[in-house]
Amino acid sequence: MNKRILEEKIFKILMYVSILIVLGSLFIIISLVVANGATSLSIEMITQTPTGGYYLGKSGGILNAIIGSLFLALPATGLAFIISLGIAIYLQRDFTNPSISSFIRLSLDILWGIPSIIYGVFCLSIMMFLGLGASLLAGIIALTLLEIPIITRSMDESIKMVPNGLKETAYSLGSTKFETAYKVVRKQAMPGILAGVLLGLGRGIGDAASILFTAGFTDNIPTSVFDSTAALPTMIFHLFSSPIPGVRQKAYAAALILLVIVLCISIISRFLLRKSSKFILK
Amino acid sequence: MSKKLIGEIETQNLNICYGKHCIIKNVNIKIPARQLTAIIGPSGCGKTTLLKSFNRLLEIRDDVKISGKILVDGNNILRSGLNVSDIRKKMGLLSQKPYPLPMSIYENVAYGIRIHNHIDSKKLENAVNNCLQEAGIWNEIRDRLHDPASGLSLGQQQRLCLARAIAVQPEVLLCDEPTSALDPISAQQIEKLLLKLKKEYTVVLVTHTLRQAKRVADYVIFLYFGEVIEHGPADKVFNNPKHPRTKAYMQGEIS
Amino acid sequence: MLIKNGSFDKKWLMDKRKIRDLICTKLMLIITIIVSILFFLIFLILLSKSSLILGSESITDLLFSSNWNPSNGNFGYFPVIVGTIIVTGLSLIIAIPISLLSAIFIAEYAPRKIRKILRPFLDVLAGVPSVVFGLCAFLFLVPLVRDFIAPFFGIESTGLCLFTASITLAVMVFPIIISLCVEAFSSIPLELKEASLSVGATKWETVKKVIFRATAPSIISAILLGFGRAFGETIAVNMVVGGIPKVPSSLFAPTETLPSLIASKYGELMSIPKSESALMFGALVLFIVVLIFNLLGLILLRNAKKRWKL
Ligand SMILES: Nc1ncnc2c1ncn2[C@@H]1O[C@H](COP(=O)(O)OP(=O)(O)OP(=O)(O)O)[C@@H](O)[C@H]1O
Ligand SMILES: [Mg+2]
């Protein structure tokens, strides 16, 4: 009898320890980035592009990487959103039979698990095949591919949650399949979809491996989709690889900027989620 | 304490609130041992809440406040420092919809026994079989004891849940509208079982159908918006209700 | 006339709606097909790109030779594969129990208020970019391992090692497993928990014997997703693993993983066809392992679901 209670007590303690480890690592990460980044953060870092010798410790900023990140992640997320929405709606029972949709879900799961570096290598191969090299376009494509399974998965999950009765109501009012899906999705699954898109955006803006080779690296702000571009994650990676301590410090500042952007996305998504889930039928 | 007393429940000034919303208000009742007590009342009046307070299941929800006393055989089960699982062991629960555990039929019944006793597999098998027989389901499932329990029909599942409940040898069976999700024949089977089981257990039955209460109850508690309006032996309450509200309910004016 | 006109309008409207319906449906079908054959496409490209090295070297040599020396044309992937397996395996061994216990705490034990506070923290952790994980591991874990943990075991280490990489990966995997498991745990009907509790099981017994069982498929897929993240992680590992393609001699020895190897060598080797092809072969191996694990997971999931008809 006592053994049962003892077991519960032990596992409860282990649970406390586990949650402390998880929260502790988050705390360490944030405080490290803030403490190290804040000291080397300056206005010129976010308003200037690197000047010659920036990577040797000279003045300049990383504006090119910030802009590059936005140019890469925003279009990629937009593209991935449209494609994912199509897939997620198509996956519903009304459009396909379950065996096909489960095959598609399996392939999406596999795509989810494919390392981003492979997307990068894959896209670069295709680009070289087409006679293009590392460019903004290649980076956007790589990020789109990376984000599709992420966004689709969370959309699919939230659309699946839509009660059947609601769809039946829409059908019985004479709506077509697509109208039903569209209306129901818009009203009922919106929070999940938004969350998915922002998840994808967060992932896209933070991923370095997929754009390491595809987007290339340059000190200039790209002017066309065929230019190569820097991005925050790759910038951090490059600054970090520098042997000069002062330059390395700048990596922490860049990391702080990236972290703030990602945090903002997370906060916005939380806010939107709360706002849009008001009208949800439970 | 004499053996006759086992399984008597008494509440003293029982109040139960969800947040600021008080559902059960100042309830004082005595549920006699080894009889079938029916709790009746309109929907949403707090029957389920009252029933689940008897085995302290309300505590797993957020935001529930309970005050007062619940005495089982004279011991206040709301006292702090008690071993909750011991209390719950004494009180079997049969819920509105059957919820078989995600295991085989056999394991469902063996689950509770294994937790409380260390017995060898031969004895365990006997005990499980006995419970299944007592719950009147043995003949139907004897060849598929090791199939998933979720494959059974709803009526069979409910009887399996009954077998699972009596497997840990409780003193009281708390039944929350156990027949409302079932077809008439399965409902009848459950009803008969309860009548049989009341010889060994105190049975508390929450029910929506007055006719069922009339058929089976020895003792009746009429609950209305969280208050006990009337309680007493079944024939008295049914044939000669004292309170006008009870009368109205009996005549179907409030439901 | 008026009525006729009205019905004509209506009919035209109906047709328009139907056509729109048709177009959108077909469009979705096309997109879906393209995406679902995407992984065949990736497979084919990787295969064709690695055909050069596969033609000149035997596959067993590539997979099981320990000789990694690109400048001499030796591409033995064995140490890197071993390194990948150990780093990923160790990270999951650390991450799974901690994540499951945390998820149980959040879903079952924590009061609602604390649960509400914890959720956003997990989201933040999930959103931290991998390059930031790498940076923090480099700042915090590397000196910790170099100056305290490795000397404690009597081993000299630079801190850039297998152990550091595994811990980093484990922390990256936490939020994935935790949030998926919390979701699964809280979707269990309250009545099922009540059923177990009311036969006198303690909360922990209910968790162990009922909740874990009822959510087994979700737990398995959560772990698989975590595995995917750990296995393919490139940048963070690259920053702390040491980058030496050698079978690690101890927990605190440097090693190398497949994705990290590709990331650090691709830029420098892509101009030499044979070396590029060899790296593509590495990518192919990575891809195939991901594929195999997904299929294995699928079988596992099917069995778990079938077993208790969940
Ligand atoms: N978890 C909860 N939080 C807040 N209020 C609750 C909760 N559970 C029940 N209630 C409220 O408590 C009241 C009584 O609920 P209860 O389930 O006990 O009624 P009941 O008599 O069993 O009804 P029914 O006959 O429909 O089963 C209802 O008004 C319900 O809205
Ligand atoms: Mg009820």
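1. A look at the sheet that holds strand β10 (residues 219–224) of chain B
Residues and elements named next belong to chain B.
Point 1. Spatially, six strands are ordered β7-β8-β9-β4-β10-β11 in an open sheet, and the strand pairing comes out mixed. Two strands bound the open sheet, and with one partner strand each, they are β7 (91–94) and β11 (227–233). For this sheet, the mean inter-axis angle between neighbouring strands, taken without regard to orientation, is 15 degrees.
Point 2. Inspection of the sheet shows strand β4 (residues 36–40) paired to β10 by four bridges, in the parallel sense. Paired with alanine 38 across the strands is valine 220, a residue of β10.
Point 3. With respect to the sheet, helix α6 (residues 154–167) is in contact with β7 and β8 (172–176), its orientation differing from that of β7 by roughly 170 degrees.

2. Digging into the packing of aromatic side chains
Point 1. The full count for this structure, using the stated rule, is 19 aromatic pairs over all chains.
Point 2. Grouping aromatic residues by their ring pairs yields a cluster made of Phe222, Tyr224, Phe225 and Tyr249 of chain B.
Point 3. The aromatic ring of phenylalanine 240 of chain A is capped on one face by arginine 248 of chain A, whose charged end is 5.4 Å from the ring centroid.
Point 4. Above the face of the tyrosine 109 of chain C ring, lysine 203 of chain C is positioned so that its terminal group lies 4.9 Å from the ring centre.

3. A look at the pattern of salt bridges
Point 1. Evaluation of the coordinates by the stated rule reveals 18 salt bridges over all chains.
Point 2. In this structure, arginine 270 of chain A and aspartate 123 of chain C form a salt bridge, with 2.7 Å as the shortest nitrogen-oxygen distance. With one member in each of two chains, arginine 270 of chain A in helix α12 (residues 245–276) and aspartate 123 of chain C in helix α5 (residues 112–127) form a pair that bridges those chains.

4. With respect to the site of ligand 1
Residue and element names in this part refer to chain B.
Point 1. Surveying the vicinity of ligand 1 reveals the residues Tyr18, Ile23, Ser43, Gly44, Cys45, Gly46, Lys47, Thr48, Thr49, Glu177 and His208.
Point 2. A distance of 2.5 Å separates an oxygen atom of ligand 1 from a polar atom in the side chain of threonine 49.
Point 3. Taken by itself ligand 1 offers 640 Å² of open surface, and the protein chains cover 61% of this.
Point 4. For the shell around ligand 1, the leading source of residues is helix α1 (residues 47–53), giving three residues.
Point 5. The class makeup of the residues in the shell around ligand 1 is three nonpolar, six polar and two charged.

5. Considering the confidence of the model for chain A
When pLDDT drops low, the exact placement of atoms in the prediction is not to be read closely.
Point 1. Of all residues in chain A, 92% attain a pLDDT of 70 or more, and the chain-wide mean is 84.
Point 2. Per-element confidence in chain A is highest for helix α1 (residues 2–40) of chain A, whose mean pLDDT is 93, and lowest for helix α8 (residues 177–188) of chain A, whose mean pLDDT is 71.

What counts, and at which threshold
- Residues numbered from 1 in each chain as written.
- Chains lettered and ligands numbered in written order.
- Predicted model: local features only at pLDDT ≥ 70, side-chain atom pairs only at ≥ 80, totals over all residues.
- Heavy atoms only, no water.
- Pairing = 2+ DSSP bridges.
- Helix = DSSP H or I, 4+ residues; strand = E, 2+ residues; numbered from the N terminus.
- Axes fitted to C-alpha atoms, helices over the stretch in contact; angles between N-to-C directions.
- Contact = heavy atoms within 4.5 Å.
- Phe/Tyr/Trp six-rings, centres within 6.5 Å; stacked < 30°, edge-to-face > 60°.
- Lys NZ or Arg CZ within 6 Å of the ring centre and 35° of its normal.
- Salt bridge = Lys/Arg side-chain N within 4 Å of Asp/Glu carboxyl O.
- Near = heavy atom within 4 Å.
- Polar contact = N/O pair within 3.5 Å; in protein donor to acceptor, adjacent residues only side chain to side chain.
- Areas by Shrake-Rupley, 256 points an atom, 1.4 Å probe, with all protein chains shown as cover.
- Nonpolar A, V, L, I, M, F, W, Y, C, P; charged D, E, K, R; others polar.
- pLDDT = per-residue confidence, 0-100.

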